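Single-letter residue listing:
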Amino acid sequence: MADLKWYPSSWKSKSAAQAVKYPDQQHLERVLTKINALPPLVTPAEVERLRFQLAAVQRNEAFLLHAGDCAESFDACTQQNISAKIGLILSFSLILIWGGRLPVVRIGRIAGQYAKPRSSGTEKIGDREVVSFRGDNVNGLDPNDRTPDPERLLSAYFHSTATLNYVRGLLTSGFASLHHPRDWSLSHVRSPALRSEFEKITQGLSDALDFSHTIGADSGKESVPFDRGGDRGVLGEVDFYTSHEGLMLDWEQAMTREFNIAGSGTSPKEKSFYNTSAHFLWVGDRTRQLDGAHIEYFRGIRNPIGIKVGPSLENEELIRLLEVVNPNKESGRVTLITRYGAGKIGDHLAGHIEAVKRSKHPVAWVCDPMHGNTLTSSSGFKTRNFGTIISELTSCISIHAACGSRLGGVSLEFTGEINDEGFSVTECLGGSMELSEEHLGLRYQSFCDPRLNFEQSLDVAFLISNYFKEERLGGKGENSIYAALRGRKTV
């Protein structure tokens, strides 16, 4: 059990997996001091609001969508890319809400997801052995730019700030309005089945909003564009939260600040430490050692946290982790993100569910069907098979149901990026567009892990939405997307 005394730097007394070795420690300290003096990116009130909403996920009263890039890059911090990513998240969540009639908690892997863990500290490029690329906040992708540079941490702060500023601007100026969901970049989607299914939702939504306006259930100003003086209201603004893997502990410490707990109602005000670089952080499968630095850091922050749960995690170790990071069994605190692989989920998930049930720890169960299902194509591209992703997701839903549990969310690596001609990336195989290995080279953009493109992401959204719709209505039918994908080889 960890020492009960905690402070933002107490992790330094532990061994830190995936630590970055900076050649100039004094330079690093100067940069960290500067970062520590800069304003927070998120507020305690926002963090507390997310905790409250994640508690609803734990009670099966909401569904969590956690999605975005494997790792962001500084070059991708553009208006087009950010708008496309937010548009995809909004489209995905609308599909889920329409089918499941449940609120969706939206957490993006955005505005700080720059670092990436590596299995080795070095890699071979040609006949050279160089330091592994660790993400834009550490070193460069160019083999000649692999020396860790503290200034990249400062650059990460400002790129995160710019991203979050634009996201906030989009979501408070009408971009998220349910009066025009077709503006969320669906125009480029080439799959007829997807376009048809989404059009059914938007038309049904339009009819419902017209009816509400006719009977006087809204003020009328919500249907007026924001830039013409319209109200935002419940139809025009959504909650959106940011997240990243808490990998770089020097950075996390520099962004950790002590505040009064928002809305605590106690007098004198109770204080706690918040990580102000993101609303939600998760600890990865490679860094969740019970006696390690990352768990020591995570146990002390007020933010809701995620823990990646893979096949190497024993049942008893999982419970010990929960006891360390959430000893008081607080609701909304812990999300368990399972990532076994389609071939292994049947051997591990049920045991983990039963162990957590016996412990009476409140958790949200989220499926990550991406990370355990990566392969290398015959053409040399790192890719994922859509059919395998769906296999793990559907197995996860079934196993939860058999255990008297319920899947509370999904964690996906996806992107809404399109090129000037309106084509999505081609990084994962299969889906309704039937991408095959010969298509991978057309628009393979990721420098990290392969991502679902816009169409493949909506495929997943409709599958989940249909499941919850049929569950809600007490039926066992399948919509046309589900039938089409199950009826043909998904590669």
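Just above sits the structure.
The structure presented is a predicted model; accordingly, all values stated were derived computationally and were not measured. (Residues numbered from 1 in each chain as written. Predicted model: local features only at pLDDT ≥ 70, side-chain atom pairs only at ≥ 80, totals over all residues. Heavy atoms only, no water.)

Can you help me understand the packing of helix α3 (residues 79–100) against helix α4 (residues 151–171) in this one?
Relative placement of two packed helices is described by the angle separating their axes and the distance separating the axes. In the contact formed by α3 and α4, the axes pass within 10 Å of each other and the chain directions differ by 55°. On the basis of the axis angle, α3 is oblique to α4. Considering the relative orientation of α3 and α4, their crossing is right-handed. The residues of α4 that touch α3, namely those facing Q79, I82, S83, I86 and L90, are T163, Y166, V167, L170 and L171. Tallied by class, residues from the contact of α3 with α4 come to seven nonpolar, three polar and no charged. (Axes fitted to C-alpha atoms, helices over the stretch in contact; angles between N-to-C directions. Helix = DSSP H or I, 4+ residues; strand = E, 2+ residues; numbered from the N terminus. Parallel < 35°, antiparallel > 145°, perpendicular 65-115°, else oblique. Left-handed = near helix turned anticlockwise from the far one by under 90°. Contact = heavy atoms within 4.5 Å. Nonpolar A, V, L, I, M, F, W, Y, C, P; charged D, E, K, R; others polar.)

I keep staring at the packing of aromatic side chains and nothing clicks. Help me out?
Each aromatic ring pair is described using two quantities: the centre-to-centre distance and the angle formed by the ring planes. Taken as a whole, this structure holds eleven aromatic pairs when the rule is applied. On the basis of an interplanar angle of 40° and a centroid distance of 5.9 Å, the ring pair of F92 and F414 is categorised as tilted. Of this pair, F92 sits in helix α3 while F414 is found in the loop between β14 (409–413) and α12 (454–473), placing the two residues 322 residues apart along the sequence. F414 matches F92 in its accessibility class, with the two residues each being buried. (Phe/Tyr/Trp six-rings, centres within 6.5 Å; stacked < 30°, edge-to-face > 60°. Buried < 20%, exposed > 50% of the residue type's maximum accessible area, 1.4 Å probe, protein only.)

Looking at this structure, how should I read helix α10 (residues 345–359)?
Turn by turn, an α-helix covers 3.6 residues, leaving residues three or four places apart pointing in a common direction. The end-to-end C-alpha distance of α10, which contains 15 residues, comes to 21 Å, matching closely the 21 Å that a straight helix rising 1.5 Å per residue would cover. Among the structural elements, β9 (305–309), α9 (315–325), β10 (334–338), β11 (364–367) and α11 (386–402) are those in contact with the buried residues of α10. Positive phi shows up at K360, right after α10, with a value of about 65°. (Expected span 1.5 Å × (residues − 1).)

Honestly, the pattern of salt bridges in this entry has me stumped. Any pointers?
Where charged atoms from two side chains of opposite charge come close, those side chains can pair. Enumeration over the complete set of coordinates arrives at 24 salt bridges. Across the pair R451 and D69 runs a salt bridge whose closest N-O atoms are separated by 2.6 Å. With R451 in the loop between β14 and α12 and D69 in the loop between β1 (63–68) and α3, this residue pair connects regions lying 382 residues apart in the sequence. Across this residue pair, the class does not change: R451 and D69 are buried. A salt bridge links E427 to R451; its shortest N-O distance comes to 2.8 Å. Residue E427 is located in the loop between β14 and α12, and its partner R451 is located in the loop between β14 and α12; the two are separated by 24 residues in the primary sequence. Judged on exposure class, the residue E427 and its partner R451 are both buried. Shared partners join several salt bridges into a network, and the residues in it are D69, K85, E417, E427 and R451. (Salt bridge = Lys/Arg side-chain N within 4 Å of Asp/Glu carboxyl O.)

Looking at this structure, how should I read α12?
With 20 residues, α12 should reach 28 Å at 1.5 Å per residue; the first-to-last C-alpha distance of 28 Å fits that figure. Most of α12 sits out of view: 15 of its 20 residues are buried. Backbone nitrogen of E455 and a side-chain oxygen of the N-cap are separated by 3.2 Å at the start of α12; the cap is N453. Once α12 ends, the next one or two residues include G474, with phi positive near 80°. (Polar contact = N/O pair within 3.5 Å; in protein donor to acceptor, adjacent residues only side chain to side chain.)

Sorry if this is basic, but what is going on with the packing of α11 against α12 here?
Packing of α11 against α12 brings their axes to within 12 Å, and their N-to-C directions diverge by 25°. Between α11 and α12, the crossing angle belongs to the class labelled roughly parallel. For the element pair α11 and α12, the recorded crossing hand is right-handed. Across the interface between the two elements, F386, I390, L393 and I397 from α11 touch Q456, D459, V460, L463, I464 and Y467 from α12. Grouping the constituent residues of the contact of α11 with α12 by class yields eight nonpolar, one polar and one charged.

Any chance you could explain the pairing of β9 here in plain terms?
One face of the sheet, then the other: side chains in a regular strand alternate in exactly this way. Within β9, five of the five residues are buried, leaving the element largely enclosed by the surrounding structure. Going residue by residue along β9, you find I305, I307 and V309 tucked away on one face and G306 and K308 tucked away on the opposite face as well. Note that strand β8 (residues 280–283) and β9 share three bridges and pair parallel. Residue pairing for β9: L281 is matched across the bridge by I305. Note on the crossover from β8 through helix α8 (residues 293–298) to β9: the handedness is right-handed. With five bridges joining them, β9 and β10 adopt parallel strand pairing. Residue pairing in the sheet places V309 in a bridge with T338 of β10. Considered for its hand, the β-α-β crossover made up of β9, α9 and β10 is right-handed. (Pairing = 2+ DSSP bridges. Right-handed = clockwise from strand over helix to strand, strands pointing away.)

Whenever I open this one, the side chain of T383 confuses me. Can you help?
Residue position: T383 is located in strand β13 (residues 382–384). If we skip the residues at most four places from it in the chain, T383 touches N373, T374, L375, S377, E427, C428, L429, L440 and P450.

Can you walk me through unusual backbone geometry in this structure?
For residues that are not glycine, phi is negative in most cases, and the peptide bond is trans in most cases. Residue Q18 is not a glycine yet carries a positive backbone phi of 60°. Within the fold, Q18 resides in the segment before α1 (25–37). Take Q18: its relative accessible area is 18%, and that puts it in the buried class. A positive phi angle is found at K329, which is not glycine, with a value near 55°. Here K329 falls in the partly exposed class, since its relative accessible area comes to 38%.

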